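Survey of secondary and tertiary structure
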Amino acid sequence: MARVLIRGGRVLDPSLDLDDTLDLLIEDGRIAGLGRGLSDDGAEVVDAAGAWVAPGFVDAHAHLREPGQEYKEDLASGGNAAVAGGFTQVACMANTDPVNDDPSVTMYILDRAEKDSPARIRPIAAATRGLKGQVMTEMMALREAGAVAFSDDGATIMDAGVMRRVLQYSKLAGAPVIVHAEDCHLRGAGVVNEGPVSTRLGLPGNPCVAEEVLVARDLRLAAITGAHLHVAHVSTAGAVALIRRAREEGVRVTAEATPHHLTLTDEATTGYDTSTRVAPPLRSARDVDALRQGLAEGVIDVIATDHAPHASYEKEVEFTEAPPGMLGLETALAVVLELVREVRLTPLELIRRLSTNPARLLGLEGGSLAVGASADVVLVDPERVWTYDPSLGFSKSRNSPWAGATLTGRVAATFVAGRLVYQYERGVSLR
Ligand code: DOR
Ligand code: ZN
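Source: prediction; values computed, not measured.

Some words on the packing of helix H12 (residues 332–341) against helix H13 (residues 347–361)
H13 packs onto H12 with a crossing angle of 140 degrees between their chain directions and a minimal axis gap of 10 Å. Judged by the angle between their axes, H12 and H13 are oblique. Our pair here, H12 against H13, has a crossing hand that is right-handed. Between H12, through Leu-333, Val-336, Leu-337 and Val-340, and H13, the contact on the second element is made entirely by Pro-347, Leu-350 and Leu-354. Tallied by class, the residues present in the contact of H12 with H13 amount to seven nonpolar, no polar and no charged.

Brief notes about the side chain of Glu-314
Here Glu-314 lies in helix H11 (residues 312–315). Residue Glu-314 is classed as buried on the basis of its relative accessible area, which comes to 16%. At 2.8 Å, the side chain of Glu-314 forms a polar contact with the side chain of Tyr-71. Dropping the residues within four chain positions of it, Glu-314 is found in contact with Tyr-71, Lys-72, Ala-322 and Pro-323.

Let's talk about the packing of aromatic side chains
What describes a pair of aromatic rings is the distance from one ring centre to the other and the angle between the planes of the rings. A full pass over the atoms with the stated rule returns four aromatic pairs. Ring plane angle 70 degrees and centroid distance 5.6 Å describe the contact between Phe-57 and Phe-87, whose orientation is recorded as edge-to-face. In this pair, Phe-57 sits in strand E6 (residues 57–62) while Phe-87 sits in strand E7 (residues 87–92), placing the two residues 30 residues apart along the sequence. The aromatic ring of Trp-386 is capped on one face by Arg-410, whose charged end is 4.3 Å from the ring centroid. A cation sits over an aromatic face here: Arg-410 above Tyr-424, 3.6 Å from the ring centre.

Quick word on the environment of Val-105
Structurally, Val-105 is set in helix H2 (residues 103–116). For the pair formed by Val-105 and Ala-94, sequence separation is 11 residues and the distance between their alpha carbons is 9.4 Å. Apart from the residues lying within four places of it in its own chain, the contact partners of Val-105 are Pro-67, Pro-98, Val-99 and Asn-100.

Points about the coordination of the zinc ion (ligand 2)
Looking at the metal site, the zinc ion (ligand 2) is ligated by His-61 (NE2), His-63 (NE2), Asp-153 (OD) and Asp-306 (OD), spaced 2.0 to 2.3 Å from it. Its four donor atoms give the zinc ion (ligand 2) angles of 85 to 170 degrees at the centre, a pattern that matches the irregular case. Linear spacing of the donor residues for the zinc ion (ligand 2) on their chain is H-x1-H-x89-D-x152-D. With respect to burial, His-61 and His-63 carry one shared label: buried.

Things to note about the pattern of salt bridges
Under the defined criterion, the tally for this structure stands at 23 salt bridges. With a shortest N-O distance of 2.0 Å, Arg-3 and Glu-27 are connected by a salt bridge. Remark: Glu-27 occurs in strand E2 (residues 18–27) and Arg-3 occurs in strand E1 (residues 3–13); sequence separation between them is 24 residues. The salt bridge involving Asp-376 is made with Arg-120; its shortest N-O contact spans 2.8 Å. Residue Asp-376 is located in the loop between H13 and strand E16 (377–387), and its partner Arg-120 is located in strand E8 (residues 120–125); the two are separated by 256 residues in the primary sequence. Classification of Asp-376 by relative accessible area gives buried; the value is 8%. A residue is classified by how much of its surface remains accessible, and Arg-120, at 25% relative accessible area, is partly exposed.

Some points on the site of ligand 1
Lining the immediate surroundings of ligand 1 are 13 residues, of which Arg-65, Asn-95, His-180, Ala-279 and His-310 lie closest. Between ligand 1 and Arg-65, the relevant distance is 2.8 Å, taken from an oxygen atom to a side-chain nitrogen or oxygen of the residue. In this structure, a nitrogen atom belonging to ligand 1 sits 3.1 Å away from a main-chain N or O atom of Pro-324. Here ligand 1 loses 93% of its free accessible area of 290 Å² to cover by the protein chains. Within the shell around ligand 1, the residues separate by chemical class into four nonpolar, six polar and three charged.

Conventions used here
Residues numbered from 1 in each chain as written. Chains lettered and ligands numbered in written order. Predicted model: local features only at pLDDT ≥ 70, side-chain atom pairs only at ≥ 80, totals over all residues. Heavy atoms only, no water. Axes fitted to C-alpha atoms, helices over the stretch in contact; angles between N-to-C directions. Helix = DSSP H or I, 4+ residues; strand = E, 2+ residues; numbered from the N terminus. Parallel < 35°, antiparallel > 145°, perpendicular 65-115°, else oblique. Left-handed = near helix turned anticlockwise from the far one by under 90°. Contact = heavy atoms within 4.5 Å. Nonpolar A, V, L, I, M, F, W, Y, C, P; charged D, E, K, R; others polar. Buried < 20%, exposed > 50% of the residue type's maximum accessible area, 1.4 Å probe, protein only. Polar contact = N/O pair within 3.5 Å; in protein donor to acceptor, adjacent residues only side chain to side chain. Phe/Tyr/Trp six-rings, centres within 6.5 Å; stacked < 30°, edge-to-face > 60°. Lys NZ or Arg CZ within 6 Å of the ring centre and 35° of its normal. Donors = N, O, S within 2.8 Å, 3.2 Å for Na, K, Ca; no water. Tetrahedral: all angles 85-135°; square planar, octahedral: opposite > 155°, others 65-115°. Salt bridge = Lys/Arg side-chain N within 4 Å of Asp/Glu carboxyl O. Near = heavy atom within 4 Å. Areas by Shrake-Rupley, 256 points an atom, 1.4 Å probe, with all protein chains shown as cover.

Pasting the structure below:
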């Protein structure tokens, strides 16, 4: 398929501020034309009437578990789950086994991904050795090996002196530091949001302030170092307010929210469903509303999945014993389309947060359908109603609170470098 004409779709390209019904021509892996009535001479034609045509989504935060935990996920299953969810690029977190704290691990991931994954995989390297928060990694060497950012995600660097140095070095390496903001002392053994729900359930609570003290600390450290801080999975109203103020003061900060923190509250945990145990925990309706407001304003500029697969036997235990995390790649789009239906975001602004902004955050080509750009393209059927069954999905794991749910909106097809890498069977037809 050297030439593909995607005809008559609603083209949404935030990089061009474009929202219009147009044809898109792909040639030799690149966008070759964007306009009306483009010739289909020698091209495979995709009828995209009624569909959205957008730059491939970029997930700035996923756990793909390879190397070391391939029973949960690997670069093949995670990469296939990604393209089924419309993600053409995925940044994978460093909490693998071994930890991605050495260039050899970064290169291993890139090498495997090249062979196994239909999505482009962008490794995030650890900021400290073994994610222990004490000794910095060789950040320059990791960057040269291909790391796109630094993060101890899953753990927080509790030593502010270490965090300050990490931020300083990240500037030299030219990549952001992604913080998992959770003060481990304030969190204690907390497994759900601290509040009426944790009391009712009799489960240890994790307070909002555990996130907010760390966000406040790291915003100050970003301010004095001038480094680029990216706050992962923001979950509290207080954290949104802190980030908003720091932005106004000129701090180089970006932030992400997950589909689950944007749409579910701690009420979802009342059935003790361990798939709702995540770190940070699902919060109150007030927090969810503040996140949506922050996302609409652009204070939160990225939607990232925090796709965190875990095996069924690990999740089928007491709530307090279950590892935190839920799947995200295959449901993200359908879940966040709720924000468009509730008129919190226009389709174009949603695509900006799923594609253009995360590409920019990580310094990647992508997030654009401009002529000459790599043809990483997603077709979305925003009205399609479907039932999510994780056992029919691409991920090796099944830990999703949306298992069995009826969702509206689905990825119809995904192209990476002009190659059709995913197609929903009853979606668009290629002729
Ligand atoms: O829910 C989460 N799961 N949060 C994290 O920080 C880690 C992740 C995982 O690795 O499972
Ligand atoms: Zn994570």
